[in-house]
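Structural description and commentary
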Amino acid sequence: MSVEISRSRRRYSLHADILAEGRVELTVVVSTPDGVIQGELTGQVEAGDLNELGRLIASASVASAVESAPAGTSVAPIKATHPGQAWTREAIAYLEKRYRAGKGPDQLAAELGRSEESVRGKLYDLALAPRPSDLPSDPRPAAEPEAPRAYTVEAKRRAHPNAYKPWEPEDDQRLAERCAQGISLSELSKIFGRNEGAIASRLLKIQAQGPAVEEAWEYGG
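Structural notes, computed from the coordinates. (Residues numbered from 1 in each chain as written. Predicted model: local features only at pLDDT ≥ 70, side-chain atom pairs only at ≥ 80, totals over all residues. Heavy atoms only, no water.)

**Here's the deal with unusual backbone geometry**
- Backbone geometry at Tyr164 places phi at a positive 70°, although glycine is not the residue there.
- Looking at the element boundaries, Tyr164 is found in the loop between helix 5 (153-159) and helix 6 (169-180).
- Positive phi is not limited to glycine here, since Gln207 has a value of about 55°.
- Examined against the element boundaries, Gln207 turns out to sit in the loop between helix 8 (196-205) and helix 9 (211-219). (Helix = DSSP H or I, 4+ residues; strand = E, 2+ residues; numbered from the N terminus.)

**Some points on the packing of helix 6 against helix 8**
- Helix 8 packs onto helix 6 with a crossing angle of 90° between their chain directions and a minimal axis gap of 10 Å. With respect to their mutual orientation, helix 6 and helix 8 come out roughly perpendicular. Two secondary-structure elements touch here, helix 6 through Asp172, Leu175 and Cys179 and helix 8 through Ile199, Arg202 and Leu203.
- Looking at the contact of helix 6 with helix 8 residue by residue, the classes come out as 4 nonpolar, no polar and 2 charged. (Axes fitted to C-alpha atoms, helices over the stretch in contact; angles between N-to-C directions. Parallel < 35°, antiparallel > 145°, perpendicular 65-115°, else oblique. Contact = heavy atoms within 4.5 Å. Nonpolar A, V, L, I, M, F, W, Y, C, P; charged D, E, K, R; others polar.)

**Let's talk about the pattern of salt bridges**
- Throughout the structure, instances matching the rule amount to 10 salt bridges.
- One salt bridge connects Arg100 with Glu96, and the closest N-O pair in it is separated by 3.1 Å. One end of the pair, Arg100, and the other, Glu96, are both in helix 2 (residues 89-100), 4 residues apart, so they sit about a helical turn from each other.
- Between Arg98 and Glu111 there is a salt bridge, with the nearest N and O atoms lying 3.9 Å from each other. Residue Arg98 is found in helix 2, and its partner Glu111 is found in helix 3 (residues 105-112); the two are separated by 13 residues along the sequence.
- Each of Asp17, Asp172, Arg202 and Lys205 takes part in salt bridges that share partners, so that together they form one network. (Salt bridge = Lys/Arg side-chain N within 4 Å of Asp/Glu carboxyl O.)

Note that every value here comes from positions in space, so none of it alone points to a role or purpose.
Written as structure tokens, this is what we have:
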């Protein structure tokens, strides 16, 4: 099953495959109208959990809009607009959440519009980091995060020509036959123009037989 919804600045595509034992594999792709992929999610869940997951996502989107904001008031900005600006509750909550997720003080300083010294001081106040004066005089600089690479469906199809295309019955039959012949997962990926994750999931769905099926389970099926 495939569903696509377009908005003024986003295109949302969902593809669902029914797997064995009542499981469903979902692939969600968010892209711009001209096809630049902004995000992608792939995973398997029990079919009976889909309704609850939908409710969870819906409630999270509502909660994010009103989090920490009293009724009838606007949410205070997280990013400081001038040096020395007082820390808001929202900024402190953001700092704590992102620091626990692995962000460094230098990265958080840029995101919050504050000096690194201010961020380190607040982390110390929250008992999340040592006192700034206790840090080594020449700490190892944090590695710069790699900027996310923009890519499109077209770009992915240059590597895997059939990426995101639905499987046809004849594709499944040919895949099962090639698997039974002993062809490896990586070779099947090349033959069918799809990445190894897609091949692994499909092998398990159609209950194929052959050495590549064992690779599919090891791959994460």
